[in-house]
Amino acid sequence: MLTMIIADDEDMVREGLSLILPWNEYGIEIVGLADNGKDAYELCSVLKPDILCTDIRMPMMDGLEVAQRLQEDKSATRVILISGVQDFEYAKTALSLEAEAYVLKPVKIPELLEVVQKVSTSIQIERSQAQMTERLHRQLRESMPVLRERLLVQLISRDFASEHEAAEKAAYYGIELLPGEVMTVGLLQLDDYKKTFETYNEENKQLLFFALLNVVSELLAAANAGFAFANTLENELVILFKGSSLKGSKPMQLCEEIIACVGQFVKVSVSIGLGSPVTGLLQLSRSYSEADSAIRYTFFSGKGSVVTIDDLGQNLETHEHYRQVYQIENQMLTLLKLGDALGVQALADRMFDQVILPSLKVEQVHNLCTEFVFHLARTVHELDESFDAITGMSLNAVLGHIEETVDSESLRRFILELLGGMSSYFFHKHHSKNQKVAQKIKTYIDQHYMENITIQQLAEIVFLSPTYMCQIYKKENNETIIEYLTKVRVDRAMELMKSPDLKLFEIAEMVGFENATYFTTVFKKLTGILPGKYRETL
């Protein structure tokens, strides 16, 4: 309910206005009456009403002065001015004071009620908007941790065009990363990721990573050494060391302390890869990439270890080979999921011919192939597929075969056969799925060709994006959806032309064309003959 004060030096007017209407029924409560401007102003200062309905000419302080004083106080009270003087200057002054309305005496009750209701509606709308704004601000504050984490992920992914933009966003989200401050990225991963999670449900997985994040964050906070956050990848906790924590061997000592505390309190084994120190926010992505390369090397350094990018630099030639292999693997896994057998085979040949066989020892080749198969199995698992069912072998059997194979060509042939079978599986799966999508589109067009069919409408029916749906359809049918729709409409038009009672413009509307002119143009383009000429041949 809104509150209102009525001020008028005439008792009859003042009392009459307060009693003549059932204000409560209109959502208004009269909280005060004043017979002079001074009292009206003091009442407004104390009671802070939503509306002041005041006469202009009053003793001690007129209504205009009251309105002016309230405006100077930045009061939220809305002022409705009443006067018996039809004076243009008063009206101009009232407008300059942002008064809500100027009502002339004698007051007409319907007019006053209309003005008050208009002001009330305005106040309610303003309050509703203010509440909505406050609710949005509150939701933003509540979402800040998630938004902050997302920004950190973007920083290590180099999603910003300039250092200024990155620093501005970091400051807004309360991330204390000073320009020119030394920073380096550490990457923490579980050593026995698959084994650890074999019996875990999703809730237990999240609890485990929360425990990891909590332990690491407390250690970093105690040392004033930076902070940690979860990356979008499941088995990956990013540590951002900054400032004085980077002096001397401090990062290594912190990482070793983290590994020890995680083992003691969380009861899991983890390893950490460290990139090189950087000074710009846009350089964090490079430090992260180096940390990612370093953490991969723990396959050779063992569980519970800390590997820096400098450690890899001690054997630059071998590290470069591993880096190339990992790049090719990532490309290969992408093509594998798409069922691109030729692309997968070409990359596998390149990996063996140019990187693995010419330069690495037998043990290193075995290790890389073993790690690659682990990546394959993890990729299949992430797609909710069965590695055993796709390959016809268990993961242990595949790994055992790799370990037992001593001839490089035999190992190469085995890996290529494994990849070939998996590529074939995913190709047939996607091809079958795409065929069903294309056929569903055709069936819908066959049944609804006479309607205004849109690409967006078809995309919603098959639950795909419009662009991806169009790509699938064209690949499966060697024609676009619009071409097929046009062909169906023209074919149906040809059938209807056999009926002499139907005019061409009627046929055009019946098969879904907007008008006869467009129908004629399309028909001629598709058949090489005008509709009228075609009809003469029937």
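To be clear, the structure that these remarks concern was listed above.
Residues numbered from 1 in each chain as written. Predicted model: local features only at pLDDT ≥ 70, side-chain atom pairs only at ≥ 80, totals over all residues. Heavy atoms only, no water.

A. Structural context of the overall build of the protein chain. When you go through the protein chain residue by residue, the secondary structure sums to 24 helices and 10 strands. Look at the contacts in the protein chain between residues 6 or more apart in sequence, and 64% of them connect residues 24 or more apart. Here the protein chain has roughly 29,400 Å² of accessible surface; of this, 52% comes from carbon and sulfur atoms. (Helix = DSSP H or I, 4+ residues; strand = E, 2+ residues; numbered from the N terminus. Contact = heavy atoms within 4.5 Å. Areas by Shrake-Rupley, 256 points an atom, 1.4 Å probe, with all protein chains shown as cover.)

B. Local environment of helix H3 (residues 63-72). Every buried residue of H3 is listed here: Gly63, Leu64, Val66, Ala67 and Leu70. Along the long axis of H3, the arc covered by the buried residues comes to 160°, so they all point the same way. Here H3 starts with a cap whose side-chain oxygen sits 3.1 Å from the backbone nitrogen of Leu64, and that cap is Asp62. In the segment just after H3, Lys74 is the residue with positive phi, at about 55°. (Buried < 20%, exposed > 50% of the residue type's maximum accessible area, 1.4 Å probe, protein only. Arc of directions from axis to C-beta. Polar contact = N/O pair within 3.5 Å; in protein donor to acceptor, adjacent residues only side chain to side chain.)

C. Broad picture of the pattern of salt bridges. Within the structure shown, the criterion is met by eight salt bridges. Salt-bridge contacts for Arg127 lead to Asp50; the nearest nitrogen and oxygen are separated by 2.2 Å. Highlighted residues: Arg127 in helix H5 (residues 109-157) and Asp50 in the loop between helix H2 (37-47) and strand E3 (51-55), separated in sequence by 77 residues. Here Arg127 falls in the partly exposed class, since its relative accessible area comes to 35%. Judged by relative accessible area, which is 12%, Asp50 ranks as buried. Across the salt bridge formed by Lys498 and Glu495, the nearest N and O atoms sit 3.5 Å from each other. (Salt bridge = Lys/Arg side-chain N within 4 Å of Asp/Glu carboxyl O.)

D. Fine view of the pairing of E3. Of all five residues making up E3, five are buried, and the element is well covered by its neighbours. Residues Ile51, Cys53 and Asp55 of E3 are buried on one face, and the alternating residues Leu52 and Thr54, pointing to the opposite face, are buried as well. Note: strand E1 (residues 2-7) against E3, four bridges, orientation parallel. By the bridge assignment for E3, Met4 is matched with Ile51. In this structure, E3 lies alongside strand E4 (residues 78-83), joined through five bridges in parallel fashion. By the bridge assignment for E4, Thr54 is matched with Leu81. In this region the chain leaves E3, passes through H3 and returns to the parallel neighbour E4; the handedness of that crossover is right-handed. (Pairing = 2+ DSSP bridges. Right-handed = clockwise from strand over helix to strand, strands pointing away.)

E. Seen up close, the sheet that holds E3. The strand order across the open sheet formed by five strands is E2-E1-E3-E4-E5, and the pairing between neighbours is parallel. Strands with a single pairing partner mark the edges of an open sheet, and in this sheet they are strand E2 (28-34) and strand E5 (101-104). With strand direction ignored, the average angle separating the axes of adjacent strands in the sheet is 20°. Taken strand by strand, helix H1 (residues 11-19) contacts E1, E2 and E4, and its axis lies near 170° from that of E2. (Axes fitted to C-alpha atoms, helices over the stretch in contact; angles between N-to-C directions.)

F. How the structure looks around the packing of aromatic side chains. Under the definition given, this model contains six aromatic pairs. When the centroid spacing of 5.8 Å and the interplanar angle of 65° are considered together, the rings of Phe513 and Tyr518 count as edge-to-face. Overall, the relative accessible area of 46% leaves Tyr518 in the partly exposed class. Aromatic pair Phe513 and Phe519: ring centres 5.3 Å apart, planes at 55°, arrangement tilted. For the pair formed by Phe513 and Phe519, the shared burial category is buried. One aromatic cluster is present, built from ring pairs that chain together Phe513, Tyr518, Phe519, Phe523 and Tyr534. Its guanidinium or amino end placed over the ring of Phe513, Arg489 lies 5.9 Å from that ring's centre, counting from NZ or CZ. Positioned above the aromatic ring of Tyr449, the side-chain terminus of Arg492 is 5.2 Å from the ring centre. (Phe/Tyr/Trp six-rings, centres within 6.5 Å; stacked < 30°, edge-to-face > 60°. Lys NZ or Arg CZ within 6 Å of the ring centre and 35° of its normal.)

Interpretation in functional terms is not warranted from these geometric data alone.
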